[in-house]
Amino acid sequence: MPRPSVEAERKAQILASTCKVIAAEGFRHLRVSDVAKDAGVSGGTVHYYFETKRELTDAAFEHCFEVSVTRRRWILESDEPPLTRLRMVVESYLPEGAETVEAWKVWVELWVEAIRNPELQELNERFYGEWRDIVASIFRAGQASGDITASGDPVELANMLVSMLDGLALQVLAGSQAMTVDTMRTICLRFVDQLSTASVA
């Protein structure tokens, strides 16, 4: 049996490959054989770690979320003022760069499938709730320090920013001529800048 460290690395590679295939082919077209090929392992190895395709995809969505948060941990733990951190959150989530675009495509697939799948709805609720709480904590800190003068529930303010990022990113990913990455950046940063000059609520 492989060493624990080797097993952990192999499992992570399988999950990364699953995310890659979901982003490229779509959730419904995902095949374990394609994941195995991308990961450089056999189909049997994939099933050793994940007995069913459903276990594999659930774990892949969780992996994508954890990687996304880990990549931005430095922003969340930064000593920069809350408004600056919100601007960095916006910049880090713009759908540009292969890694970020891939992650966006994985989330889009989760949302589409969750519309008809109650189990995926539960996954989405958990991940989305955790992400909203993280953003809300920045708003809360900004209100406490006076950096953010906009009144209102920090969770509601977080929902405004998160939904703005999500909605505009979908348009960018769909190839909208009117909604480019630069346009999305301008709109989202303008919203953040207004948090220190007026009440949004």
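For clarity, every value in this text was computed on a predicted model and none was experimentally measured.

Trainee: Just to check I follow, could you spell out the UniProt feature "DNA-binding region" (unreviewed entry) in the protein for this structure?
Mentor: Within this structure's numbering, the places UniProt gives as "DNA-binding region" (unreviewed entry) are residues 31-50. Note that residues 31-50 is 75% helix and 0% strand, and that its end C-alpha atoms are spaced 13 Å apart.

Trainee: Hey, could you run me through the packing of helix H6 (residues 82-93) against helix H10 (residues 181-194) in this one?
Mentor: Packing of H6 against H10 leaves a shortest axis separation of 10 Å and a crossing angle of 165 degrees. In terms of orientation, H6 and H10 fall into the roughly antiparallel class. You can see that H6 and H10 cross each other, and the crossing is right-handed. Residues Leu83, Leu86, Arg87, Val90, Glu91 and Tyr93 of H6 form the contact with H10, whose own contacting residues are Met184, Arg185, Cys188, Leu189, Val192 and Asp193. Its residues assigned to classes, the contact of H6 with H10 shows eight nonpolar, no polar and four charged.

Trainee: Looking at this model, I keep getting lost on the UniProt feature "domain: HTH tetR-type" (unreviewed entry) in the protein. Mind explaining?
Mentor: Sequence positions flagged by UniProt for "domain: HTH tetR-type" (unreviewed entry) are, in local numbering, residues 8-68. Here residues 8-68 is 80% helix and 0% strand, with 18 Å between the C-alpha atoms at its ends.

Trainee: Would you take a moment to explain the packing of helix H9 (residues 154-173) against H10 for this structure?
Mentor: Taken N-terminus to C-terminus, the directions of H9 and H10 make an angle of 170 degrees; their axes are 10 Å apart at the nearest point. Considering the angle they form, H9 stands roughly antiparallel to H10. Counted together, Leu157, Met160, Leu161, Met164, Leu165, Leu168, Ala169 and Val172 of H9 and Val181, Met184, Ile187, Cys188, Phe191 and Val192 of H10 form the full contact between these two elements. Taken together, the residues that form the contact of H9 with H10 break down as 14 nonpolar, no polar and no charged.

Trainee: Explain the nonpolar core to me, please; I cannot follow it from the model alone.
Mentor: Most often, soluble globular proteins have nonpolar side chains that are buried together. Phe61, Leu86, Phe139, Leu161, Met184 and Leu195 are the most contacted members of the largest nonpolar core, which has 65 residues in total. Here this core takes nine residues from helix H8 (residues 118-145), the largest share from any one element.

Trainee: Please clarify how the environment of leucine 56 should be interpreted in this entry.
Mentor: Inspection of the secondary structure assignment puts leucine 56 in helix H4 (residues 53-71). Given the relative accessible area of 1%, leucine 56 is considered buried. Look past the residues within four positions of leucine 56 in its chain and what remains in contact with it is Ile14, Leu15, Thr18, Val32, Val35, Val46 and Phe50.

Trainee: I tried to follow the pattern of salt bridges on my own but got confused; where do I start?
Mentor: Close approach of charged atoms lets side chains of opposite charge pair. On inspection of all chains with the given rule, the structure shows 12 salt bridges. With its nearest N and O atoms 3.0 Å apart, the salt bridge here joins glutamate 113 to arginine 28. Within this pair, whereas glutamate 113 is found in helix H7 (residues 98-114), its partner arginine 28 is found in the loop between helix H1 (4-25) and helix H2 (32-39), the two being separated by 85 residues in sequence. A relative accessible area of 54% means that arginine 28 is categorised as exposed. Aspartate 182 serves as the salt-bridge partner of arginine 185, at 2.8 Å between the closest nitrogen and oxygen. One end of the pair is arginine 185 and the other is aspartate 182, both in helix H10 and three residues apart, which spans about a single turn. Judged by its relative accessible area of 51%, aspartate 182 is exposed. What you see here is one network of salt bridges that share partners, running through Glu91, Glu96, Asp182 and Arg185.

Trainee: Help me understand H7 in this model?
Mentor: One turn of the α-helix equals 3.6 residues, which is why residues spaced by three or four share an orientation. With 17 residues, H7 should cover 24 Å at 1.5 Å per step; its first-to-last C-alpha distance of 24 Å lies within 8% of that length. Every buried residue belonging to H7 is among Thr100, Ala103, Trp104, Val106, Trp107, Val108, Leu110, Trp111, Glu113 and Ala114, and all of these are buried.

Trainee: What is the right way to look at the side chain of serine 17 in this model?
Mentor: In this structure, serine 17 sits in helix H1. On the basis of relative accessibility, which here comes to 1%, the residue serine 17 falls in the buried class. Engagement of the side chain of serine 17 in a polar contact is seen with the side chain of aspartate 38, the distance being 2.7 Å. Among the polar contacts listed, one links the side chain of serine 17 to the backbone nitrogen of alanine 39, at a separation of 3.4 Å. In this structure, serine 17 is in contact with Val35, Asp38 and Ala39, ignoring residues within four places of it in sequence.

Definitions and limits used
Residues numbered from 1 in each chain as written. Predicted model: local features only at pLDDT ≥ 70, side-chain atom pairs only at ≥ 80, totals over all residues. Heavy atoms only, no water. UniProt positions renumbered as here; feature names shortened; annotations may be inferred. Helix = DSSP H or I, 4+ residues; strand = E, 2+ residues; numbered from the N terminus. Axes fitted to C-alpha atoms, helices over the stretch in contact; angles between N-to-C directions. Parallel < 35°, antiparallel > 145°, perpendicular 65-115°, else oblique. Left-handed = near helix turned anticlockwise from the far one by under 90°. Contact = heavy atoms within 4.5 Å. Nonpolar A, V, L, I, M, F, W, Y, C, P; charged D, E, K, R; others polar. Core = buried A, V, L, I, M, F, W, Y, C linked by side-chain atoms within 4.5 Å. Buried < 20%, exposed > 50% of the residue type's maximum accessible area, 1.4 Å probe, protein only. Salt bridge = Lys/Arg side-chain N within 4 Å of Asp/Glu carboxyl O. Expected span 1.5 Å × (residues − 1). Polar contact = N/O pair within 3.5 Å; in protein donor to acceptor, adjacent residues only side chain to side chain.

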